[in-house]
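Take a look at the letters that make up each chain.
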Amino acid sequence: MEKLGKKKIVGIFVALALVAVVIGAFVLNNGGDAQFVPYAQFAGWVDDGLVSQVGLGDAPVISFQLHNSENLYETSNPRNPMLTQELLMAGVDVVEASNFAGIAGFLPLVIFGGVFFFAFRAISKNNGRGAMAMNVSAVNTGETAVNFAAVAGNVEAKDMVADVVDFIKNPDKYARYGARMPRGMIFYGPPGTGKTLMAKAVAGEAGVPFYAVSGSDFVQMYVGVGASRVRELFKKAREAGRAVIFIDEIDAVGKTRTAGVNGGNDERDQTLNALLTEMSGFGSGEGIVVIAATNRLDTLDEALLRPGRFDRQVEIALPDLAGRQDILNTYAHGKPMEKDVNLHSLAKQTVFFSGAMLENLLNEAAINAAKAGKETIGQAEVDKAFYTVIAGSEKADRSGIMEQDKRITAYHEGGHALATKLLSPENSVAKVTIIPSTKGAGGFCLNLPPDKLYYTKAELERQAITLLAGRAAEEVVFGTENVTTGASNDIQRVNALVKDYVTKYGMSQRLGLAITSGEKAEDVCAEEVGRLYGKACELVKRHKDKLSKIADALMEKESLNEDELDLLIA
Ligand code: ADP
Ligand code: ZN
C-alpha cells in the first residue's frame, strides 16, 4: 500500500465513494427487491441474535436487516401486536415501517464513512496492513504435514475425528446419502494438551490447507472488524475448496452472553453472529470443517453448540500414564538419550503434565546437555529439566501433594465404578481415570443408557447411590474427618435427583403423591439423601476388598477401561 502514490489513493477514494453512492441508491430504490424469507426463518434468526433492525407497519410484509450484511430482507407480517415487544426484548431495533427506508438511505453515508475510515487507517500504517488485513496463517500441507502419527496418546479423540477426515476428503460420498456431517467441532481441554496439533493433523490427514486464527484476534477492535475478518477467513477457505479452519480460544468470541452491565458487547456479538452465519452458509458437499478450541466448554454460548454448528465436542484431556509414556517416547526419538534414562519412571512422575510440558521437559534436558558440553542426555539433565518445568508451572504444588491426592481420588472414583458395576451392570463404564477432566474433579463419567423413556424408582435410587459412592468410599476408607471437597459436584447432582424423586415423581414413602414443596418436602429430601448415602456406605463396606483392588490399579495405571475393571471385580 505504501508504494501507491497519493494521487492514486485519492482516485481510489473517489471511485469507492461513487460505488457506495450507487449501492445506496440501488438499495433505496429497490425496496421491492428485498429477499423474501419464510417467517419461521426470520424467527430463527431473531432467536439467534442475527437480526439487527426490523421495520414494522401495517403492510403485508415486514422488512428487516441482519447485523452482518447490507442486504434487505422481507418476511410475512404476522400482525401480532406482541411482536414489537418480543423483538425489543431480543435486542432488535424496531422502527416504524415508514422510517425504515431511512436506514437504507443512510447506507451510502455509512459505507462512505466506513471506506474512508479503513482507507485512512490503511494509509496511516506504514506496514501497509490495516485493520482489515487478515492475520490468517495458511499452512501448506506438503511433506512436512502433521498427521495423526504426530499426535501421541489421545486415542479416544483420534477415533472421534477420524470420520471427519474422510468427510473432508470425500464430501460427495456423504452428501449423496443426505448425511449431515459436522461443520464444526470443538476441542476442549487444558492448555498444551495438543488441541492445535490435533486440528493440524486433521488437515494433514485430509490433505487440505489449514487456516488458523485466534478468537482473541477478533475482539478489542473496532466494531464490525471482527465480523469482517470472519467473513474474509471463510472466503479464503472457500477459495481453497476444502479446508480446515481452526479458531483457537473460541471463548473470546463465544462466551455466554450475560445480561446486565457488560451484557452488550457489540463487537463480540457481531463476530459470533458472523461466524454462525458463515457456518450455516456452507453446503454439505463443501468439505470445509471448522475446529474451535477452548479450555472451558461450560462457558460457551449455547448458540454455538446447536446442531449444524459446533455440534461435535471432543475432549482432549491431560494424558494418562500410557499417554505420557507415548509422548515422551515420541520426543525422545531423535535425541541422544542415554540408556539409563528411564522414561517409564519419568512418565510416572509427571502426573498432570500436559503434552506441551513433556515436550518442553525433554527439550530442556537436551539444552542442559548441550550447555554442559555432553555428547548425550543423561538422567541428571532430565532431573534438572523436571524441576525447571514444574517451577514454571502452577501445577508444581499439585505434583508435590500428588501421592495422597491420587490415593483419595483413586478410592473416590473407584467407589463410583464399583457401584455402577454392582448395581447397574447394564450401564457401561467406558473409562475410569484419576486424571482430572475439565468436566469435573474426577475422571469418572457416569454413563446412563441415554435412550430411556422412563426410569423406575429402583433405577433412580441406584443412580443416586452410584453418585454418592465416591464420597462414601472416601469416608469408609479414610474416616469421617478426611472426606474431601472432591465430591461437591456429585452432591449437587444427587440433591437435584432426589428433589425430583420426591417432589416430581412422588416416590418418597413419607410424602407419596402429595408432592407439595416447602419445608416438609425439604425435610423429606434430606431424609432420602441420608438414607441413600447410608446404602452407599454399606455397599462400599461390604465390597471393600474389590474397591481396594480398583483403587490400587488406578494408582498404578491412572485409568482403567471396562475390561480391566471387569477383571478386577470378577
Ligand atoms: P493446545 O492447543 O491444546 O494448547 P498445542 O497443540 O498447542 O496445545 O500443543 C503444544 C505442543 O505440545 C505441541 O506443538 C506439541 O509439541 C506438544 N504436544 C501436546 N500434546 C501432544 C501430543 N498428544 N502428542 C505430541 N505432542 C504433543
Ligand atoms: Zn465423584
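See the structure above.
In what follows, the accompanying structure is described. Every chain is numbered on its own, with residues counted from 1 as its sequence reads. Lettering of chains starts at A and numbering of ligands starts at 1, both following the order in which they are written. Where totals are concerned, whole chains, interfaces and linings use all residues; where local detail is concerned, this predicted model gives features only for residues with pLDDT of at least 70, and gives and counts side-chain atom pairs only at 80 or more. The basis for every side-chain value is the complete set of non-hydrogen atoms in the structure, without hydrogens or water.

## Considering the packing of aromatic side chains
Here's step 1: Working definition: a ring pair exists when centres of Phe, Tyr or Trp rings (six-membered ring for Trp) sit within 6.5 Å. Plane angles under 30 degrees give stacked, over 60 give edge-to-face, the rest tilted. For the structure shown, the criterion picks out six aromatic pairs.
Here's step 2: With 5.4 Å between their ring centres and 80° between their planes, Trp45 and Tyr73 make a pair best called edge-to-face. Separated by 28 residues along the polypeptide, Trp45 in helix H2 (residues 39–47) and Tyr73 in strand S4 (residues 72–76) bring together distant segments of the chain.
Here's step 3: Three labels apply to residues, based on accessible area from a 1.4 Å probe with only protein chains included: buried if under 20% of the type maximum, exposed if over 50%, partly exposed otherwise in between. Look at Trp45 and you get buried, because its relative accessible area is 17%.
Here's step 4: Looking at Tyr73, the relative accessible area reads 8%, which means it is buried.
Here's step 5: Pairing Phe353 with Phe386 gives two aromatic rings, centres 5.7 Å apart and planes at 10°, and the pair type is stacked. Taken together, the residues Phe353 in the loop between helix H14 (343–349) and helix H15 (355–371) and Phe386 in helix H16 (residues 379–391) connect sequence positions 33 residues apart. Numbering of helices and strands runs from the N terminus, with a helix taken as a DSSP run of H or I at least four residues long and a strand as a DSSP run of E at least two residues long.

## Some words on the environment of Pro190
Here's step 1: When you line up the elements, Pro190 lands in the loop between strand S7 (184–188) and helix H7 (195–206).
Here's step 2: C-alpha of Pro190 to C-alpha of Ala317: the two residues are 127 residues apart in sequence and 6.7 Å apart in space.

## Details of the sheet that holds strand S3 (residues 61–66)
Here's step 1: The criterion for strand pairing is that DSSP finds at least two bridges linking the strands in question. What the five strands build is an open sheet, ordered S1-S4-S3-S2-S5; its pairing is mixed. Only two strands of the sheet have a single partner each, and these edge strands are strand S1 (35–36) and strand S5 (93–96).
Here's step 2: The pairing of S1 with S4 spans two bridges and is classified as parallel. Bridging from a neighbouring strand, Phe36 pairs with Glu74 of S4.

## Description of the packing of helix H13 (residues 321–332) against H15
Here's step 1: Only the contacting stretch of a helix is used when fitting its axis, a line to C-alpha atoms as for every element, and angles between N-to-C directions run 0 to 180 degrees. At a minimum axis distance of 9 Å, the contact between H13 and H15 shows a crossing angle of 40°. Between H13 and H15, the angle is such that the two are oblique. Pair H13 / H15 crosses with right-handed handedness. On the side of H13, the interface is formed by Arg324, Ile327, Leu328, Tyr331 and Ala332, while H15 contributes Gly355, Leu358, Glu359 and Leu362.
Here's step 2: Of the residues in the contact of H13 with H15, the class split is six nonpolar, one polar and two charged. With respect to orientation, any angle under 35 degrees is reported as roughly parallel, any angle over 145 as roughly antiparallel, any angle of 65 to 115 as roughly perpendicular, and every other angle as oblique. The crossing is said to be left-handed when, going from far helix to near helix, the turn is anticlockwise and less than a right angle, and right-handed when the turn is clockwise. Two residues qualify as a contact provided that any one of their heavy atoms is within 4.5 Å of a heavy atom in the partner residue. In this classification, the charged set is Asp, Glu, Lys and Arg, the nonpolar set is Ala, Val, Leu, Ile, Met, Phe, Trp, Tyr, Cys and Pro, and all remaining amino acids, among them Gly, are polar.

## Remarks on the site of ligand 1
Here's step 1: The immediate surroundings of ligand 1 are formed by 16 residues, with Ala152, Gly192, Lys195, Thr196 and Tyr331 found nearest.
Here's step 2: Side-chain atoms alone can form a polar contact between residues adjacent in sequence; in general such a contact is a pair of N or O atoms within 3.5 Å, and within protein one must be able to donate a hydrogen while the other accepts it. Asn154 places a side-chain nitrogen or oxygen 3.4 Å from a nitrogen atom of ligand 1.
Here's step 3: A distance of 2.6 Å separates a nitrogen atom of ligand 1 from a polar side-chain atom of Tyr331.
Here's step 4: Considering ligand 1 on its own, with 560 Å² of exposed area, one finds that the protein chains cover 80% of that surface.
Here's step 5: Mapped onto the shell around ligand 1, the elements with two or more residues apiece are H7, H13 and H15.
Here's step 6: Residues belonging to the shell around ligand 1 are distributed by class as follows: eight nonpolar, six polar and two charged. Throughout, the term near means that a residue has one or more heavy atoms lying within 4 Å of the molecule or strand in question. Computed by Shrake-Rupley with a 1.4 Å probe, the accessible areas treat only the displayed protein chains as cover when residues are assessed.

## Digging into the pairing of S7
Here's step 1: The buried fraction of S7 amounts to five of the five residues, a majority that puts the element mostly inside the structure.
Here's step 2: Residues Gly184, Ile186 and Tyr188 point to one face of S7 and Met185 and Phe187 to the other, with burial holding for every one of them.
Here's step 3: As defined by bridge partners, S7 adjoins strand S10 (residues 288–294) across five bridges and the pair is classed as parallel. Counted as the bridge partner of Tyr188 is Thr294 from S10.
Here's step 4: In the sheet, S7 pairs with strand S11 (residues 312–315) via four bridges, with the strands oriented parallel. Looking across to S11, one finds that Tyr188 is bridged to Glu315.

## With respect to the coordination of the zinc ion (ligand 2)
Here's step 1: Taken together, His412 (NE2), His416 (NE2) and Asp490 (OD) make up the protein donors of the zinc ion (ligand 2), found 1.9 to 2.1 Å from the metal.
Here's step 2: Sites may look incomplete, because water is not among the atoms used; the donor set itself consists of N, O and S atoms within 2.8 Å of the metal (3.2 Å for Na, K and Ca). Donor residues for the zinc ion (ligand 2) sit on one chain with the sequence pattern H-x3-H-x73-D. Here the residue His412 occupies a position in helix H18 (residues 402–423), and Asp490 occupies one in helix H20 (residues 488–503), the gap between them amounting to 78 residues. Note on accessibility: His412 and Asp490 belong to one class, buried.

## Topic: H16
Here's step 1: One less than the number of residues in a helix, times 1.5 Å, gives the span that helix is expected to have. Taking 1.5 Å of rise per residue, the 13 residues of H16 would be expected to cover 18 Å, and the 18 Å separating its terminal C-alpha atoms lies within 8% of that figure.
Here's step 2: Of all the positions in H16, only Glu381, Val382, Ala385, Phe386, Val389 and Ile390 are classed as buried. Relative to the axis of H16, the buried residues are bounded by an arc of 160° and lie together on one face. Exposed residues pointing more than 90 degrees away from the buried face of H16 are listed as Ala380, Lys384, Tyr387 and Ala391. Directions drawn from the helix axis to the C-beta atoms are what define this arc.

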